[in-house]
Amino acid sequence: MTPYADFLYFGVSLYALLPAALLGWLKRFTRIWLVFATLGMLAVQYWQGGSGLENKFWLMLGYATLQWLNARLFLKLRAQKVRRPAFYFALLVALLPLLAGKFFPGDTLVFVGLSYITFRSLDVLFGIQDGGIQALPLAQYSQFLLFFATISSGPIDRFQRFGQDWRRERTSAEWLRDIDGGIQRIFTGFLYKFILAALIKQYWLDAVSGAELGQTIAYMYAYTFYLFFDFAGYSAFAVGFAYFFGIHPPENFRRPFAARDLRDFWNRWHISLSFWFRDFVYNRFVFASVKGKWFKNRFTAAYLGYFLSMGLMGVWHGLAAHYIVYGLYHGALLFLTDWLNRRYRNNRLLNSDSLFWRGASIFLTFHLVSFGFLIFSGRLF
Amino acid sequence: MNISEIVLTELEKVTETDEVRRNLDLMLFDEKILDSFGSMELMVALSEQFGLEITPGQVEREQWTSPRKIIAYVQERLKEIH
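## Focus on the overall build of chain A
- What chain A contains, in helices and strands, is 14 helices and zero strands.
- In chain A, the succession of α and β elements from N to C terminus is α-α-α-α-α-α-α-α-α-α-α-α-α-α.
- The globule rule puts the C-alpha radius of gyration for 381 residues at 21 Å, and the 22 Å found for chain A is close to it.
- Counting only C-alpha atoms and orienting by the principal axes, one finds that chain A spans roughly 60 × 60 × 50 Å.
- Buried positions account for 36% of the 381 residues belonging to chain A.
- Intrachain contacts of chain A at a sequence separation of at least 6 include 66% that bridge at least 24 residues.

## A closer look at the overall build of chain B
- If you tally the helices and strands in chain B, you get four helices and zero strands.
- Starting at the N terminus and ending at the C terminus, chain B contains elements arranged as α-α-α-α.
- The C-alpha atoms of chain B give 11 Å as radius of gyration, which agrees with the globular expectation for 82 residues (12 Å, within 12%).
- For chain B, the spread of C-alpha atoms along the three principal axes comes to 35 × 30 × 20 Å.
- Each of the 82 residues in chain B was classed as buried or not, and the buried ones make up 28%.
- Taking all contacts inside chain B whose residues are at least 6 apart in sequence as the whole, residues at least 24 apart take part in 59%.

## Some details on the interface of chain A and chain B
- Listed as interface residues are 13 residues of chain A and, on the opposing side, ten residues of chain B.
- Those elements that provide at least two residues to the side of chain A that touches chain B are helix 5 (114–130) and helix 11 (271–291) of chain A.
- Per element, the largest residue contribution to the side of chain A that touches chain B is eight residues, and it comes from helix 11 of chain A.
- Its residues assigned to classes, the side of chain A that touches chain B shows six nonpolar, three polar and four charged.

## Concerning the nonpolar core
- Of all hydrophobic cores here, the largest spans 65 residues; its most connected members are Leu125, Phe147 and Ala242 of chain A.
- Among the elements that line this core, the one with the most residues is helix 9 (residues 213–244) of chain A, at 17 residues.
- When near neighbours in sequence (up to four residues on either side) are disregarded, phenylalanine 147 of chain A contacts Thr38, Ala242 and Ile247 of chain A.
- Of all hydrophobic cores here, the second largest spans 39 residues; its members include Leu334 of chain A together with Leu34, Phe37 and Val74 of chain B.

## Description of unusual backbone geometry
Residue and element names in this part refer to chain A.
- Put simply, glycine 154 and proline 155 share a cis peptide bond, and its omega is 0°.
- By secondary structure assignment, the location of proline 155 is in the loop between helix 6 (138–146) and helix 7 (159–167).
- The phi dihedral of tyrosine 4 falls on the positive side, at around 60°, and the residue is not glycine.
- Inspection of the secondary structure assignment puts tyrosine 4 in the segment before helix 1 (7–25).

## Re the domain arrangement of chain A
All names here are of chain A.
- Here chain A is described as being made up of domain 1 (30–167), domain 2 (184–240) and domain 3 (256–377).
- Summarising the inter-unit geometry, the C-alpha centres of domain 1 and domain 2 are found 31 Å apart.
- Each partner contributes to the interface: domain 1 provides five residues, whereas domain 2 provides four residues.

## Examining the packing of helix 3 (residues 56–78) of chain A against helix 4 (residues 83–103) of chain A
Residue and element names in this part refer to chain A.
- It is at 9 Å that the axes of helix 3 and helix 4 come closest, and there the two elements cross at 175°. By the criterion of interaxial angle, the relationship of helix 3 to helix 4 is roughly antiparallel. Of helix 4, the residues touching helix 3 (which contributes Tyr63, Gln67, Asn70, Phe74, Leu77 and Arg78) are Arg83, Ala86, Phe87, Ala90, Val93, Ala94 and Pro97.
- The class makeup of the residues in the contact of helix 3 with helix 4 is nine nonpolar, two polar and two charged.

## So, the packing of helix 4 of chain A against helix 5 of chain A
Residue and element names in this part refer to chain A.
- Viewed as axis vectors pointing N to C, helix 4 and helix 5 meet at an angle of 175°, and their least axial separation amounts to 10 Å. The pairing of helix 4 with helix 5 is recorded here as roughly antiparallel in orientation. Where helix 4 abuts helix 5, its residues Phe87, Ala90, Leu91, Ala94, Leu95, Pro97, Leu98 and Gly101 lie against Leu114, Ser115, Thr118, Ser121, Leu122, Leu125 and Gln129.
- Here the residues of the contact of helix 4 with helix 5 sort into ten nonpolar, five polar and no charged.

## Here we look at helix 13 (residues 321–343) of chain A
Residues and elements named next belong to chain A.
- Look at helix 13: 32 Å from first C-alpha to last across 23 residues, which is about the 33 Å you get at 1.5 Å a residue.
- Taken together, the buried positions of helix 13 are Tyr326, Gly327, His330, Gly331, Leu333, Leu334 and Asp338.
- If you follow the buried residues of helix 13, they end up packed against helix 10 (262–266), helix 12 (300–317) and helix 14 (355–377).

## Describing helix 1 of chain A
Residue and element names in this part refer to chain A.
- Look at helix 1: 26 Å from first C-alpha to last across 19 residues, which is about the 27 Å you get at 1.5 Å a residue.
- Maximum bend of helix 1: about 35°, positioned at leucine 14.
- Those residues of helix 1 lying buried are Ser13, Ala16, Leu17, Ala20 and Gly24.
- Check the buried side of helix 1 and you find it contacts helix 2 (31–46), helix 8 (172–205) and helix 9.
- Immediately downstream of helix 1, the backbone of lysine 27 shows phi near 60°, a positive value.

## A look at the environment of glycine 24 of chain A
Residues and elements named next belong to chain A.
- Looking at where glycine 24 falls in the secondary structure, it is placed in helix 1.
- Through-space distance from the C-alpha of glycine 24 to that of serine 352 is 51 Å; in sequence the pair is 328 residues apart.
- Not counting residues within four places of it along the chain, the set of residues in contact with glycine 24 comprises Phe29, Arg170 and Trp175.

## A word on the confidence of the model for chain B
- Scored by pLDDT, chain B comes out at a mean of 91, with 99% of its residues at no less than 70.
- In the predicted complex, the global pTM is 0.94; the interface-specific ipTM is 0.94.

## Section: the environment of phenylalanine 229 of chain A
Residue and element names in this part refer to chain A.
- Within the secondary structure, phenylalanine 229 is located in helix 9.
- A residue is classified by how many C-beta atoms lie within 10 Å of it, and phenylalanine 229, with 21 of them, is buried.
- A sequence separation of 76 residues divides phenylalanine 229 from serine 153, and the C-alpha atoms of the two residues are 15 Å apart.
- Discounting residues that sit within four places of it in the chain, phenylalanine 229 has contacts with Tyr192, Lys193, Leu196, Ala197 and Ile200.

What counts and how
- Residues numbered from 1 in each chain as written.
- Chains lettered and ligands numbered in written order.
- Predicted model: local features only at pLDDT ≥ 70, side-chain atom pairs only at ≥ 80, totals over all residues.
- Helix = DSSP H or I, 4+ residues; strand = E, 2+ residues; numbered from the N terminus.
- Rg over C-alpha atoms; globule rule 2.2 N^0.38 Å.
- Buried ≥ 20, exposed ≤ 12 C-beta atoms within 10 Å, placed from the backbone.
- Contact = placed C-beta atoms within 7 Å.
- Nonpolar A, V, L, I, M, F, W, Y, C, P; charged D, E, K, R; others polar.
- Core = buried A, V, L, I, M, F, W, Y, C linked by C-beta atoms within 7 Å.
- Domains from an automatic or database assignment.
- Axes fitted to C-alpha atoms, helices over the stretch in contact; angles between N-to-C directions.
- Parallel < 35°, antiparallel > 145°, perpendicular 65-115°, else oblique.
- Expected span 1.5 Å × (residues − 1).
- Bend = angle between axes of the 7 residues up to and from the residue.
- pLDDT = per-residue confidence, 0-100.

The structure is reproduced here in structure tokens:
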């Protein structure tokens, strides 16, 4: 059963949500209920029959066990002298299943959510390496990795942030706010995904099929809006479900089409993903290169960092040419944005806050972004 | 030179503006004076100046939002050593 895709799923999930709400009200909510609910919901989502790894449920649990052992081993080794090599080995083990899934044909090694779980297991490894994570309680780790509400497509939480929610005891007022926030988000999800995205798909996206330029442009707009309402709707469900359990995952969208430039856009679109790349790829690459004095020009590191993190982001979606070009396209746009900002830093016209200029920059950003989604859609090549 | 003077000098170098010196409560990220890139440069510079190991994994963005906060962060880290 695909999460958040049909009403049967929502019906089944009531068995997880309603007891969570009730137990919270009675002040009897414990973390054990989160573990039970996740186990039950994952069985519903992944069970395909069969006792081996051809059954996605076992494949998923096997993957989680591997990552758990990997993280535990690294936590032990970090205290020893072999910290560097141990870190790289742990990173490799965390990435291997995703790489195997991408390169081997068919989907024998793939399960829904694999790539998102990979982000979370990598976050734990980085946290151990930096010294921020010093213990890995099994229940907390398993829920961080596998929590049913966010397992399939995020938002990508962080272990240390998740830990704060995990340990927090809720007051009655907080419980009420959680239920309120949860219901609001779930209804936003219905509006976005099952009404707006569904209407856009049926009457707009599926209606443009010709290859002429006009049709392609119409497709670009339709696809951009469809993508937003579908994914923002999904994210609203995921965050809303999590609220019932006292977990507040980071929000994924913040009015992305009001962005004034490309950097602003990535602070508003699929935020948990772009922040992940910012923290773990861009920042670390820039830090290492500045520290090691790799480049003569100060800004070379920043520019290369954009191509590196956005390129990886593209490849993460898949190995098809349009994903790779999509990543490089955004790398190039961020490079240009940064370069222009630096070059025209003191230009009064370009930095004016007039209504016209604001509107123009939002209009331009929206179209650059939409063209990116047209590449991403695979319709061009 | 005292700690805050060194921090402000490095911050001024990275951000290329003396505004950071005039207003210690300047919201560096909100005002687009400091970004991720500048943040990383500053970490390397302050690590070298103070003989500390300041890495991207240790610093939360909320700890670096104003010149005053960055100074406080460095003071705190130095206290841990001594």
